[in-house]
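# Summary of structural features
In case you want the letters, here they are:
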Amino acid sequence: MPAKGEMETMIEAPPQEPRDLESPAGVRIEAVDRTFATRQGPVPALSGMSLRAAPREIVAVVGPSGCGKTTLLELVCGLQAPDRGLVSSEPAALMPQRDLLLPWLGAVDNAALALRARGVTRDEARATVRPWLARFGLAEFEHARPAQLSGGMRQRVSFLRTLLAGKPVLALDEPFASLDAITRQDMQGWLAHVLAEEHRTVLLVTHDVEEAVVLADHVVVMSARPGRAVAELEVAVSRPRKRTDPAVVALRERALEALGLGG
Amino acid sequence: MRRLLRGWPAVLLLLGLIGVWELYVDLGGVDPLILSPPHAIASTMYTDRSLLWSNFLVTAREVLFGILLAGAAGFVCAIGIHLSATLRRAAYPLLVASQTIPIVILAPLLLFWFGFSIVSKLIVVALVSFFSIVVTTLDALSAVDGDLLKLMKTFDAGRLRTFRHVELPAALPGLLTGAKIAAVVAVIGAVFAEQQAADSGLGYLFFQSIPQLLTARAYAAVVILSLFAIALFALLTLVERLALPWAHTSRGDRRR
C-alpha cells in the first residue's frame, strides 16, 4: 500500500530492522479492559485494547476525544491497573497534557523536578539540567517562571522534566494540544529532532493524525469509547519527514479513513 | 500614580463623612462628652500621644504574637489534616465545633485561668485567628492538581518528597490569605481580651476612658486600633506580593 510513497523516500533511509516483538522490553498491552464506576453507572474506557511498542520505537496512538487514550497512558505508567488483560511495560514517565509546571519555580528547577523527586540535591540537579536547557534553547530562561514563558517553552520544559526522569519509556499525553497551530508544527519538528538523538520507547497519544504520522514509527488508531485498536499503520518514511511528502500525506489519509473521517 | 488617583473617591468619601460628623457635633448641639467631634479626637491623639503609644505597643504585641502563634499552629494542623485521613476525620469536626463556642464565653474562662499575663490575650487572639488560617491553608493544599500528584508518582517520588516539592509551596498562599483574614479579627480579639482582664493596652484604655468621660480618648484608641488592623492587612498583602509573586500571575493562567 505505501509503495507509492516508498519511491519518494530519501536515499539515506536507514535499513529497517525487523520489529522485535518478542522482547519483554518496551510496552505490551494485550486485550485490556478498563471500566470506571461513575454515579451514572459503569463507563467502559477501554475494551479489548491491544498495543505493542518494541524497545526504542515511537508508537503514536490516535483516536477521537474520550476514547481512553489518557487511561491507556496511566495503565502504562502504573497509575492504574487493568480490570482484565495484560499490561507490561518497562518503567515509564508521564508527560501530562497540560504542562503542570510549578508556578513558583524557574525553568531550571521545574525541569529538575523528576531529579529532586528522587532525592538529588538542588545544586546537583541544576548542574544536570543546565546543559539540557541550553540544548533546548532555554539557557536564557533558566530562572524564568512558567508565567514568563511562552506555551512552546513551557512544553519544552515539561518534556525535559519527563525526559530527565530517566525512564526507558516516555508516555506523552497530547503534548502539543494546547499550542497554536504554528507553534505546534515548530514543536513537532523539535520533538522529532530530540527523539532522533534520545533513544527511548515512546508512546505518543494525540488526536492530530498528521502529528502521529510525522513523528511515529507506528500509528495505532483507536475507536470511539470504549477504546480499542482498530488499525495499525507502519510509517516507513525516512526522517526527517516533511508534511508534504506524498507518503506522509497518503498515510495521513489512511489513518483518517481508519478513524472514519476519510474521503 | 494611577493607583493613587483610583484611591481618591475613598479619600473624598472619608473626608466628607468626617466633615458631616464635625458639623453634626458643632451645629447640632451634641455634648462633646457624648460624641467627640473629629477635631477633639485629633487633638487628643496629639496630647495623649505617649499614653496612647505605650498602650498601643501592648496591644500590638498581643496581636502580632497571637497571629504568629495561630499561624504556626494552624499551618501545622492543616498539614496534619491534609496528610492523614484519620487525623482529618478526628480533628476536622472538632475544629468546626470549636468555632461554634462563642469566644465571648470562652474568653472570660481563659482569662480566669491564665490571669492578667500576656498569655491569656495571646490565646484569645490565636483562637479567633486559628480557624481561618487552618481552612485557607487546607483549601490551598487540596487545590493541588491531582494530575501533578500522579506525575510525581511516575517520577518515583515518595509521599514526603511530593509534599515538600509540590504541596508545601502551594500551601503558602493559603497561609497568607488566612493570616490576612485573621489580622482583622485578631485586633478585635485583643480588645475583647483586654476588656476582660488587663492593666494596659488600647482596649483596656478604651474601656477605662468611657466611665471617666474621656470620650475623645476612647475614640482616639478606636481610630488607632482600626488603623493598626488596616496596616497589618496591608503589610501581609505586601509580604504576599514580595515573597509569593507567582501566586497572582499564575492563578489567572490556570483558570483557563
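If you're wondering where the values come from, they're calculated on a predicted model, not measured in any experiment.

What counts, and at which threshold
Residues numbered from 1 in each chain as written. Chains lettered and ligands numbered in written order. Predicted model: local features only at pLDDT ≥ 70, side-chain atom pairs only at ≥ 80, totals over all residues. Helix = DSSP H or I, 4+ residues; strand = E, 2+ residues; numbered from the N terminus. Rg over C-alpha atoms; globule rule 2.2 N^0.38 Å. Buried ≥ 20, exposed ≤ 12 C-beta atoms within 10 Å, placed from the backbone. Contact = placed C-beta atoms within 7 Å. Pairing = 2+ DSSP bridges. Expected span 1.5 Å × (residues − 1). Nonpolar A, V, L, I, M, F, W, Y, C, P; charged D, E, K, R; others polar. Axes fitted to C-alpha atoms, helices over the stretch in contact; angles between N-to-C directions. Arc of directions from axis to C-beta. Core = buried A, V, L, I, M, F, W, Y, C linked by C-beta atoms within 7 Å. Domains from an automatic or database assignment. pLDDT = per-residue confidence, 0-100.

### Quick notes on the overall build of chain A
Helix and strand counts for chain A stand at nine helices and nine strands. Over its C-alpha trace chain A gives a radius of gyration of 19 Å, about what one expects of a compact globule, namely 18 Å for 263 residues. Taken along the three principal axes of its C-alpha coordinates, chain A extends 55 × 50 × 35 Å. Burial analysis of chain A (263 residues in total) assigns 46% to the buried set. Expressed as a percentage of contacts within chain A between residues at least 6 apart in sequence, the contacts between residues at least 24 apart total 72%.

### Overview of the environment of B:Leu172
With respect to the secondary-structure elements, B:Leu172 resides in helix α9 (residues 159-196). C-alpha separation for the pair B:Leu172 and B:Ala247, spaced 75 residues apart in sequence, amounts to 9.2 Å.

### Observations regarding the pairing of strand β9 (residues 229-234) of chain A
Here is the key point about a regular strand: its side chains alternate between the two faces of the sheet. Residue and element names in this part refer to chain A. Bridge count for strand β8 (residues 218-222) against β9 is five bridges, and the pairing is antiparallel. When the sheet's bridge partners are listed, Val220 is paired in β9 with Glu232. The hairpin turn running from β8 into β9, its antiparallel successor, is six residues long.

### Concerning helix α11 (residues 215-243) of chain B
Three- or four-residue spacings in an α-helix give side chains the same orientation, since the helix completes a turn every 3.6 residues. Taking 1.5 Å of rise per residue, 29 residues should cover 42 Å, and α11(B) covers 42 Å from first to last C-alpha, within 8% of that figure. Buried residues belonging to α11(B) abut α3 (38-47), α4 (49-83), α9 and α10 (202-209) of chain B.

### Examining the interface of chain A and chain B
Across the boundary between the two partners, chain A contributes 20 residues, which contact 19 residues of chain B. Taken together, the elements giving at least two residues each to the side of chain A that touches chain B come down to β5 (92-95) and α4 (113-117) of chain A. Looking at which element gives the most residues to the side of chain A that touches chain B, the answer is α4(A), with four residues. Class assignment of the residues belonging to the side of chain A that touches chain B gives a composition of 16 nonpolar, one polar and three charged.

### Looking at the sheet that holds β8(A)
Residue and element names in this part refer to chain A. As summarised here, the arrangement of the six strands in space is β5-β6-β7-β3-β8-β9, forming an open sheet in which the pairing is mixed. With one partner strand each, in any of the chains shown, β5 and β9 form the two edges of the open sheet. The mean angle between the axes of side-by-side strands here comes to 20 degrees, regardless of whether they run parallel or antiparallel. Relative to strand β7 (residues 201-206), strand β6 (residues 169-173) runs parallel, the two being bridged by five bridges.

### So, helix α8 (residues 146-154) of chain B
Within the sequence span of α8(B), burial applies to B:Leu151, B:Met152 and B:Thr154. End-on view of α8(B): buried residues confined to an arc of 160 degrees, all on one side of the axis. On the buried face of α8(B), the contacting elements are β5 and α4 of chain A together with α9 of chain B. Backbone geometry just after α8(B) places B:Asp156 at a positive phi near 65 degrees.

### Remarks on unusual backbone geometry
Residues and elements named next belong to chain A. Cis geometry is adopted by the peptide bond preceding Pro226, which originates at Arg225 and carries an omega value of -5 degrees. Structurally, the position occupied by Pro226 is in the loop between β8 and β9. Backbone torsion omega between Arg239 and Pro240 reads -5 degrees, so that peptide bond is classified as cis. With respect to the helices and strands, the residue Pro240 is situated in the loop between β9 and α9 (246-258).

### Regarding the nonpolar core
Core analysis: the biggest nonpolar cluster contains 137 residues, and A:Val76, A:Ala171, A:Leu203, A:Val219 and A:Ala255 have the highest contact counts within it. Element by element, the count of residues in this core is highest for helix α7 (residues 118-142) of chain B, at 14 residues. Here this core spans two domains, since at least three of its residues come from each of domain 1 (1-9 + 21-91 + 167-263) and domain 2 (101-164) of chain A. In this structure, A:Ala171 is in contact with A:Leu73, A:Val76, A:Cys77, A:Ala92, A:Ala93, A:Leu94, A:Met95 and A:Leu203, ignoring residues within four places of it in sequence.

### A few points about the pairing of β5(A)
Residues and elements named next belong to chain A. Side chains Ala92 and Leu94 of β5 all project onto a buried face; the interleaved residues Ala93 and Met95 project onto the opposite face, where all are buried too. The sheet contact formed by β5 and β6 spans four bridges and is parallel. In the sheet register, Leu94 faces β6, and the bridge partner there is Ala171.

### Structural notes on the domain arrangement of chain A
All names here are of chain A. Taken domain by domain, chain A consists of domain 1 (1-9 + 21-91 + 167-263) and domain 2 (101-164). Between the C-alpha centres of domain 1 and domain 2 there is a distance of 26 Å. Each partner contributes residues to the interface: domain 1 has nine residues there, and domain 2 has six residues. For the side of domain 1 that touches domain 2, the element with the most residues is helix α7 (residues 181-197), which contributes three residues. Residue classes in the side of domain 1 that touches domain 2 are distributed as five nonpolar, two polar and two charged.

### Structural notes on the confidence of the model for chain A
Residues and elements named next belong to chain A. Per-residue confidence for chain A averages 87 on the pLDDT scale, and 90% of its residues sit at or above 70. Across chain A, element-level confidence peaks in helix α3 (residues 107-111) with a mean pLDDT of 96 and bottoms out in helix α1 (residues 3-6) with 44. Counting interchain partners and residues more than four positions distant, the pLDDT-below-50 stretch residues 1-15 has 21 contacts.

### Considering the sheet that holds strand β1 (residues 27-38) of chain A
All names here are of chain A. Spatially, the three strands line up as an open sheet ordered β2-β1-β4, and their pairing is antiparallel. Each of the sheet's edge strands pairs with one partner strand only, and the pair in question is β2 (41-53) and β4 (84-89). On average, adjacent strands in this sheet sit at an angle of 30 degrees to one another, irrespective of strand direction. With nine bridges joining them, β1 and β2 adopt antiparallel strand pairing. What sits directly across from Val32, in β2, is Met49.

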